[in-house]
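# Reading the structure
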Amino acid sequence: SYGTYPHPGQVCAHLAQPHTWIHTPMLPHQSILSWLAQGWLNGLSGIYTTAKAGVKQVSETMRVEMEPLGVRVVTVIIGTVETNFFNNGLKEPFHLPANSYYTPIRKRLEDQRGGANVPSRQNVNVTARNIINDVVGGAKGCIWRGGRSTEARWLTWLLPTWALEWMVNGSRGLEELKEYYSNK
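Treat the numbers as computed from the prediction; the structure is a model and nothing was measured.

## So, the sheet that holds strand β2 (residues 74-78)
Read from one edge to the other, the open sheet built from three strands follows the order β1-β2-β3, with strand pairing classed as parallel. Looking at which strands have only one partner, the edges of the open sheet turn out to be β1 (29-31) and β3 (141-145). In this sheet, adjacent strand axes meet at a mean angle of 30 degrees when their direction is disregarded. One ladder, built from five bridges, connects β2 with β3; its direction is parallel. Along β3, the bridge assignment pairs V76 with I143. Helix α5 (residues 124-136) rests against β2 and β3 of the sheet, and its axis sits at about 155 degrees to β3. The strands touched by helix α6 (residues 149-158) within the sheet are β2 and β3, with β3 carrying the most contacts at an inclination of about 130 degrees.

The structure is reproduced here in structure tokens:
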């Protein structure tokens, strides 16, 4: 998911031309984190989750617009998977300004940046096989695959925001940070 992409409207207009029909489904992917307010993912959590939420919205809009033309768009929502995601994001050393409000939880931030506290990562080949099986089996709309994806799917639907945020961020130092500043 890197590189320069054409405007989604251009893609839709091109695909809508009779001579460019495709029989292979489009499989844009996004992350379960776009559904969750998780802090401190490689120092880019807000940017990453916002971008992935945008992918989901564009994908679902394209699905609705392209379905009457015979183009199947399946949005793949991916959970935790064993990849080099965290290693690829560690090109620069971790830097926290000396006067940062987050200094009391520096160690937790360093651990999170390195991929600690990411439970139940699924083998990438298992995730890929499941996605292929879903698509070959005729899946439409959104499919959720990868570690923790089933839990995320149901919990984002069932739980109030405060409970979901507590579950996702409970071990990330937020309470420790709050306690630190309330005692100052």
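## Description of the pattern of salt bridges
Scanning the model with the defined rule gives four salt bridges in all. In this structure, D134 and R145 form a salt bridge, with 2.7 Å as the shortest nitrogen-oxygen distance. Within this pair, whereas D134 is found in helix α5, its partner R145 is found in strand β3, the two being separated by eleven residues in sequence. We classify R145 as partly exposed; its relative accessible area is 27%.

## Some details on unusual backbone geometry
A positive phi angle, close to 65 degrees, is found at R148, a residue other than glycine. Within the secondary structure layout, R148 lies in the loop between β3 and α6. Assessed through its relative accessible area of 33%, R148 is described here as partly exposed.

## Here's the deal with the confidence of the model for the protein
Chain-level pLDDT for the protein is 78 on average; 77% of the residues reach the 70-or-more range. Overall, residues 1-5 carries pLDDT values under 50, and its contacts beyond four positions in sequence, including any with other chains, amount to two contacts.

## Points about the packing of aromatic side chains
According to the stated counting rule, one finds four aromatic pairs in the structure shown. Judged by centre distance (5.1 Å) and plane angle (55 degrees), the rings of W35 and W144 are tilted. Of this pair, W35 sits in the loop between β1 and α2 (45-66) while W144 is found in strand β3, placing the two residues 109 residues apart along the sequence. Taking relative accessible area as the criterion, W35 reaches 34% and is therefore assigned partly exposed. Judged by centre distance (4.9 Å) and plane angle (90 degrees), the rings of Y180 and Y181 are edge-to-face. For Y181, a relative accessible area of 33% translates into the label partly exposed. An aromatic cluster of three or more residues is present, and its members are Y101, Y180 and Y181.

The rules behind the values
- Residues numbered from 1 in each chain as written.
- Predicted model: local features only at pLDDT ≥ 70, side-chain atom pairs only at ≥ 80, totals over all residues.
- Heavy atoms only, no water.
- Pairing = 2+ DSSP bridges.
- Helix = DSSP H or I, 4+ residues; strand = E, 2+ residues; numbered from the N terminus.
- Axes fitted to C-alpha atoms, helices over the stretch in contact; angles between N-to-C directions.
- Contact = heavy atoms within 4.5 Å.
- Salt bridge = Lys/Arg side-chain N within 4 Å of Asp/Glu carboxyl O.
- Buried < 20%, exposed > 50% of the residue type's maximum accessible area, 1.4 Å probe, protein only.
- pLDDT = per-residue confidence, 0-100.
- Phe/Tyr/Trp six-rings, centres within 6.5 Å; stacked < 30°, edge-to-face > 60°.

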